[in-house]
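# Topology and contacts: notes
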Amino acid sequence: MNPIAHAVAMAVAFITTSVYAETKSMLPYPQPDVVLGEQLLPNEEALVRETANIIEKIVRKEANGSKAHRDAHPKAHGCVRAEFQIENDIPNRLAKGVFLPGKQYAAWIRFSNGNPDASKPDIEGNERGMSIKLLGVQGDKILENERHASTQDFIMMSHPVFFMADASNAVSFYEKLEGGPLSKLGIPLALGWNGTMVLLKINDLKIANPLQTRYWSPAPIQLGQGDGRQAIKFSARACKSGGDIIPDKPSPNFLREAMINSLNKEDACMEFLIQPKISDKQKVEDARSEWLESDAPFVKVATIRIPKQKFDTPEQNAFCENLSFTPWHAIPEHKPLGSLNRLRKVVYDQISVTRHNMNGIERQEP
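Residues numbered from 1 in each chain as written. Predicted model: local features only at pLDDT ≥ 70, side-chain atom pairs only at ≥ 80, totals over all residues. Heavy atoms only, no water.

### Focus on the nonpolar core
It is characteristic of soluble globular proteins that their nonpolar side chains tend to be buried jointly. Within the largest apolar cluster, 38 residues are counted, with the highest numbers of intra-cluster contacts made by Phe-99, Ile-132 and Phe-272. Per element, the largest residue contribution to this core is five residues, and it comes from strand S9 (residues 299-306). Ignoring any residue separated from it by four or fewer positions in sequence, one finds Phe-272 in contact with Phe-84, Phe-99, Ile-132, Phe-154, Met-156, Phe-234, Ser-235, Val-299, Lys-300, Val-301, Ala-302 and Ile-304. Counting 27 residues, the second-largest nonpolar core is a separate cluster that includes Val-48, Ile-54, Ala-167 and Leu-205. (Core = buried A, V, L, I, M, F, W, Y, C linked by side-chain atoms within 4.5 Å. Buried < 20%, exposed > 50% of the residue type's maximum accessible area, 1.4 Å probe, protein only. Helix = DSSP H or I, 4+ residues; strand = E, 2+ residues; numbered from the N terminus. Contact = heavy atoms within 4.5 Å.)

### Thoughts on the state of the cysteines
Applying the stated criterion to the full structure yields two disulfides. Here Cys-79 pairs with Cys-320 through a disulfide, and the sulfurs are 2.2 Å apart. When the S-S torsion is -80°, as for the bridge of Cys-79 with Cys-320, the disulfide is left-handed. In this pair, Cys-79 sits in strand S1 (residues 75-86) while Cys-320 sits in helix H7 (residues 314-321), placing the two residues 241 residues apart along the sequence. (Disulfide = S-S within 2.5 Å.)

### With respect to the pairing of strand S4 (residues 151-157)
As a general feature of sheets, a regular strand has side chains that alternate between the two faces. Counting buried positions over the seven residues of S4 gives seven, a clear majority of the element. By the alternation rule, side chains of S4 split into Thr-151, Asp-153, Ile-155 and Met-157 and Gln-152, Phe-154 and Met-156, which are all buried. Note that strand S3 (residues 128-135) and S4 share seven bridges and pair antiparallel. Bridge pairing in S4 places Ile-132 opposite Phe-154. (Pairing = 2+ DSSP bridges.)

### Here we look at the packing of helix H2 (residues 44-63) against helix H8 (residues 339-359)
Two elements in contact, H2 and H8, have axes separated by 9 Å at closest approach and are oriented at 35°. For the pair H2 and H8, the crossing hand works out as right-handed. Facing H2, whose interface residues are Glu-44, Val-48, Arg-49, Thr-51, Ala-52, Asn-53, Ile-55, Glu-56, Val-59, Arg-60 and Ala-63, H8 presents Ser-339, Arg-342, Leu-343, Val-346, Val-347, Gln-350, Ile-351, Thr-354 and Met-358. Tallied by class, the residues present in the contact of H2 with H8 amount to ten nonpolar, five polar and five charged. (Axes fitted to C-alpha atoms, helices over the stretch in contact; angles between N-to-C directions. Left-handed = near helix turned anticlockwise from the far one by under 90°. Nonpolar A, V, L, I, M, F, W, Y, C, P; charged D, E, K, R; others polar.)

### Things to note about the side chain of Asp-166
Position of Asp-166 among the secondary structure elements: in the loop between S4 and helix H3 (167-178). For Asp-166, which is buried and forms no salt bridge, the nearest opposite charge comes from Arg-288, at a distance of 7.4 Å. Side-chain polar atoms of Asp-166 contact the side chain of Ser-168, separated by 2.6 Å. The residues contacting Asp-166, other than those within four sequence positions of it, are Leu-41, Glu-285, Ser-339 and Leu-340. (Lys, Arg positive; Asp, Glu negative; His and termini not counted. Salt bridge = Lys/Arg side-chain N within 4 Å of Asp/Glu carboxyl O. Polar contact = N/O pair within 3.5 Å; in protein donor to acceptor, adjacent residues only side chain to side chain.)

### Considerations on the pairing of S3
For S3, the buried fraction is high: seven of the eight residues fall into the buried class. Bridge analysis of strand S2 (residues 104-113) against S3 gives seven bridges, and the strand direction is antiparallel. For Trp-108, the partnering residue across the bridge sits in S3 and is Lys-133.

Remember, this is a structural readout, not a statement about activity or role.
Set out below in structure tokens:
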């Protein structure tokens, strides 16, 4: 895939990886938390809502009158049952929200391919996704039209940063994407040098097994409430290093096959890590800015156990196809932060309406 085409794919992937909502993108626009480093862009809300309209056109065009699949990350490598066990000795400064010492949650985890074309073979380079849905999470949620849901989502990709910095970057990109051929030639200019370099790195990503891959949250979230609240990023990685290698002649779906083989033999184990913001070098409003581990180390806060299981069944695949994941499906202690996360609240809402209405499916949380 050439860089321009991949830019299209990745932009849709990050902003519309998952879908949510029951009303037409009119949820209140998030207010910035200036204490945590958030700051609205000029005319941001209007630009974001226009971006949502552009993306809806893309979704409808891709469906072309047939069933609407996920517009991004449509190809699941596997969707599995899991247990999310919080550490007993988690530091007090991090023991907030769902991260209560010794607490355990059942979970669903979806591993996915960032390529918007689900027919593409797994050997093609691209980002991979890991979306976690914790079950039995008590307390009101921050999405106004699903206050009483009992789930909490954490969404990650297999690269620490995204190639667009903020919502203004996204709007510029989609304005060029919506235009004619000459307009599309300006897409690399919309990304800039830094964004293009990140895109090329993402476009080269290849993995051997989704269960053995590291994942990050490019955009931060909040941890805690009140005076003690802070901005964090999070990550997941295998408990043990090493593992599978890419086959010499991989099948088109070899990553699903790798997961099947792994979970037929034994449980899988992953660590969930938190990276607190400790300096102004760690940008909240720039999803293209990496929070270096040398400056701010990650801290393990939970262990994810994925038990042996047969997940590749028609019933489970259908169940997971209808699941929705969004960073805004959260308790107040884990409010998403930053410009791109504010954009995602609006876009996920509108795209959810589009997808579910087109498919005649009622969205329900497990």
